[in-house]
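Coordinates in review
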Amino acid sequence: FFLRRSQFSNQTETMKTAIFASLLASAAAFAPTLQKESVTALSAFDKELGAQPPLNFYDPLGLVADGDEAKFNRLRYVELKHGRISMLAVAGYLGVEAGWRLPGDIAFDGPAFADIPNGFGALSAIPGAGLAQIIFFIGFLEVAVMKDITGGEFPGDFRNDYIDFGWGTFDEETQARKRAVELNNGRAAQMGILALMVHEQLGVSILPGV
């Protein structure tokens, strides 16, 4: 009885050892492949526009860790559009804060443009019909204007064979530099308009002395 029990125990230990060894072998077999795929996915975009020092290609959430180029182009398109909107927002915010206003009244029965406050306060001061017009205009731009209709050369190319501003006269190096400048300015503007809104809510003067 004790002999059989000892033999059974030895067989069990042998099976456990074999299973453990096979698991280690499997892990060792897959590990290089996974690492290679990860490195390949990261290196797929490390030369793309905007991947520059000090962060180089930076994707902390792993949104394009799979190396999907279509997904990358879609995210780049969204980043450019948000950056362009933010650049306009920062310029408009600072301009109105400095006292720039259109002449006349915002509606037939008032109030005057000069009486509309800056920032969040404008939302309650602008008449409802005026807000509706602004929202409609933004929707029109989104649906019919600010989009790639004809198939541009790169994500965010909204020329649509209609307006060029001399873009075709630049060489490839100049075009790449200008695109990088726009991308970086847009990134800075996204942070900038967020900071302006936070400062306003904290009651901090946006333009000291103004």
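These numbers were taken from a predicted model, which means no experiment stands behind them.

Bringing the overall build of the protein into the picture now. What the protein contains, in helices and strands, is five helices and zero strands. When the helices and strands of the protein are placed in sequence order, the string is α-α-α-α-α. Every one of the 210 residues in the protein was classed for burial, and the buried ones make up 18%. The long-range share in the protein, meaning contacts at least 24 apart out of those at least 6 apart in sequence, stands at 51%. With the model as given, the accessible surface of the protein reaches about 15400 Å², and the carbon-plus-sulfur share is 65%.

This brings us to the layout of surface pockets. In this model, the largest pocket occupies a volume close to 1600 Å³. Forming the walls of the largest pocket are 40 residues, and the residues nearest its centre are Leu88, Ala89, Ile126, Ile134 and Ile138. What lines the second largest pocket is a set of 26 residues, and nearest its centre among them are Tyr58, Asp59, Arg76, Glu79 and Arg187. Those elements that provide at least two residues to the lining of the second largest pocket are helix H2 (69–97) and helix H5 (172–202).

This paragraph deals with the nonpolar core. Of all hydrophobic cores here, the largest spans six residues; its members are Val90, Tyr93, Ala189, Ile193, Leu196 and Ile206. The set of elements that each furnish at least two residues to this core consists of H2 and H5. Sorting elements by how many residues they give to this core places H5 first, with three residues. The residues touching valine 90, leaving out its near neighbours within four places in the chain, are Ala189, Gly192, Ile193 and Leu196.

The next subject is empty space enclosed by the protein. Picture a little ball the size of a water molecule; that probe, rolled over the atoms, points out where space is still empty. Applying the stated rule across the entire model yields one cavity of 30 Å³ or more. Taken as a whole, the largest cavity spans an internal volume of roughly 40 Å³. Lining the largest cavity are Glu79, Leu80, Gly83, Arg84, Met87, Glu182, Leu183, Gly186, Arg187 and Gln190. Only H2 and H5 provide two or more residues apiece to the lining of the largest cavity. In terms of residue class, the lining of the largest cavity is made up of three nonpolar, three polar and four charged.

This brings us to the pattern of salt bridges. One pass over the structure, following the stated rule, counts five salt bridges. Where salt bridges share partners, they join Arg76, Glu79 and Arg187 into one cluster.

It is worth spelling out a nonpolar patch on the surface at this point. Together, Phe120, Leu123, Leu194, Met197, Val198, Leu202 and Val204 line one region of the surface with nonpolar side chains, adding up to about 620 Å² of accessible area. Looking at the element boundaries, leucine 123 is found in helix H3 (residues 121–125).

As a general rule, the predicted coordinates of low-pLDDT regions are not to be interpreted in detail. On average, residues of the protein score 80 in pLDDT, and 77% of them are at 70 or above. This model gives residues 1–8 a pLDDT under 50, and the stretch forms zero contacts once residues within four places in sequence are excluded. Confidence over residues 23–37 falls short of pLDDT 50; this stretch has zero contacts with residues more than four positions distant or in other chains.

Note on placement: asparagine 118 falls in the loop between H2 and H3. One polar contact links the side chain of asparagine 118 to the main-chain carbonyl oxygen of tyrosine 93, over a distance of 3.3 Å. One polar contact links asparagine 118 to glutamate 97, side chain to side chain, over a distance of 2.6 Å. Other than its neighbours up to four places away in sequence, asparagine 118 contacts Tyr93, Val96, Glu97, Arg101 and Glu200.

Rules and cut-offs
- Residues numbered from 1 in each chain as written.
- Predicted model: local features only at pLDDT ≥ 70, side-chain atom pairs only at ≥ 80, totals over all residues.
- Heavy atoms only, no water.
- Helix = DSSP H or I, 4+ residues; strand = E, 2+ residues; numbered from the N terminus.
- Buried < 20%, exposed > 50% of the residue type's maximum accessible area, 1.4 Å probe, protein only.
- Contact = heavy atoms within 4.5 Å.
- Areas by Shrake-Rupley, 256 points an atom, 1.4 Å probe, with all protein chains shown as cover.
- 1 Å grid on protein atoms, 1.4 Å probe; cavity = no way out; pocket = protein on both sides within 12 Å on 5 of 7 lines; lining within 4 Å.
- Points joined across faces, edges and corners; volume = space filled by probe spheres on them.
- Core = buried A, V, L, I, M, F, W, Y, C linked by side-chain atoms within 4.5 Å.
- Nonpolar A, V, L, I, M, F, W, Y, C, P; charged D, E, K, R; others polar.
- Salt bridge = Lys/Arg side-chain N within 4 Å of Asp/Glu carboxyl O.
- Patch = residues over 30% accessible without salt bridge, like charges linked within 9 Å, V, L, I, M, F, W, Y side chains within 5 Å.
- pLDDT = per-residue confidence, 0-100.
- Polar contact = N/O pair within 3.5 Å; in protein donor to acceptor, adjacent residues only side chain to side chain.

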